[in-house]
Amino acid sequence: AQRVTQPEKLLSVFKGAPVELKCNYSYSGSPELFWYVQYSRQRLQLLLRHISRESIKGFTADLNKGETSFHLKKPFAQEEDSAMYYCPRNAYSGAGSYQLTFGKGTKLSVIP
Amino acid sequence: EADIYQTPRYLVIGTGKKITLECSQTMGHDKMYWYQQDPGMELHLIHYSYGVNSTEKGDLSSESTVSRIRTEHFPLTLESARPSHTSQYLCASSKGQVQETQYFGPGTRLLVL
């Protein structure tokens, strides 16, 4: 079955330390993966999509087909990075449309 | 301003009551979604719509129903609320294309007593 997993439920790092939020997928083909973030008392919002290969708020994520991973990385964590992070995959749902499948997410806590 | 709205934000209601959670968007999007999320758990897609008069059930079975009479409006209804329906309900919209961003509303927290 096509699955995306985030193995860490909670990740705590000190301010200024590197951050890596793990996302692993287990299906063949070319996955379409994203990172969504939800800051405290804010809406769930898109952070990154793998097709864009962009850096947002200092975060990057590279699709590694050899390791079947799409880990989210930032070299120096900031307190404002504390949030819930989700790595959903895009799946075809018929009639030319796609839908996202979310996992449980990882809560990042940056310690001052 | 283009946005997606959900009302009410919080709802406490007794068992057996009929409730409707409202979702409206001014994004001009064709596709809309409803997700259910229990605390600390994953988001589950419960309904989605490709456009007017189109509704589909999502991955998670739900006793709720939806309608899409207008492009911008996608209400969710529970005919008879039960404590098991206590959860957070998130509405989202998108253009529905590959790699397209989904935009989420602020959510409705429902507590059924």
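The coordinates are above.
So, how was this worked out
Residues numbered from 1 in each chain as written. Chains lettered and ligands numbered in written order. Predicted model: local features only at pLDDT ≥ 70, side-chain atom pairs only at ≥ 80, totals over all residues. Heavy atoms only, no water. Helix = DSSP H or I, 4+ residues; strand = E, 2+ residues; numbered from the N terminus. Rg over C-alpha atoms; globule rule 2.2 N^0.38 Å. Buried < 20%, exposed > 50% of the residue type's maximum accessible area, 1.4 Å probe, protein only. Contact = heavy atoms within 4.5 Å. Areas by Shrake-Rupley, 256 points an atom, 1.4 Å probe, with all protein chains shown as cover. Phe/Tyr/Trp six-rings, centres within 6.5 Å; stacked < 30°, edge-to-face > 60°. Disulfide = S-S within 2.5 Å. Pairing = 2+ DSSP bridges.

Caption draft 1: Region of the structure containing the overall build of chain B. Within chain B, the regular secondary structure consists of zero helices and 11 strands. Written out in order from the N terminus, the α and β elements of chain B read β-β-β-β-β-β-β-β-β-β-β. At 13 Å, chain B has a C-alpha radius of gyration in line with the 13 Å of a compact globule built from 113 residues. Judged by the C-alpha coordinates and their principal axes, chain B covers about 40 × 30 × 25 Å. Out of the 113 residues in chain B, the part that is buried amounts to 48%. Taking the contacts inside chain B whose residues are at least 6 apart along the sequence as the reference set, 53% of them involve residues at least 24 apart. A total accessible area of about 5,300 Å² is found for chain B, and carbon and sulfur atoms account for 51% of it.

Caption draft 2: Here's a closer look at the packing of aromatic side chains. The full count for this structure, using the stated rule, is 10 aromatic pairs over all chains. Centroid distance A:Phe34 to A:Tyr36: 6.2 Å. Interplanar angle 55 degrees. Geometry classified as tilted. With centroids separated by 6.0 Å and ring planes inclined at 80 degrees, the aromatic side chains of A:Phe102 and B:Phe104 adopt a geometry described as edge-to-face. In this pair, A:Phe102 sits in the loop between β11 (97-101) and β12 (106-111) while B:Phe104 sits in strand β10 (residues 103-104), so the two residues belong to two different chains.

Caption draft 3: Representation of the environment of B:Leu76. Residue and element names in this part refer to chain B. Tracing the sequence through the fold places Leu76 in strand β8 (residues 76-78). C-alpha of Leu76 to C-alpha of Gly16: the two residues are 60 residues apart in sequence and 16 Å apart in space. When residues no more than four places from it in sequence are discounted, the contact partners of Leu76 are Ile19, Thr20, Leu21, Trp34, Ile46, His47, Ser64, Thr65 and Val66.

Caption draft 4: Representation of the state of the cysteines within the structure. All names here are of chain A. Within the structure shown, the criterion is met by two disulfides over all chains. The partner cysteine of Cys23 in its disulfide is Cys87, sulfur to sulfur 2.0 Å. Given an S-S torsion of about -65 degrees, the disulfide between Cys23 and Cys87 has left-handed geometry. Placement of Cys23 in the loop between β3 (19-21) and β4 (24-25) and of Cys87 in the loop between β9 (83-86) and β10 (89-94) is noted, with a sequence separation of 64 residues between them. Residue classification places Cys87 among the buried positions, given a relative accessible area of 1%.

Caption draft 5: Inspection of the sheet that holds β8(B) at higher detail. All names here are of chain B. Strand order in the open sheet formed by four strands is β1-β3-β8-β7, with antiparallel pairing between adjacent strands. Edge positions in the sheet fall to β1 (4-7) and β7 (65-66), since each has one partner strand and no second. In the sheet, β1 pairs with strand β3 (residues 19-25) via four bridges, with the strands oriented antiparallel. When the bridges of β3 are listed, Ile4 appears paired with Gln25.

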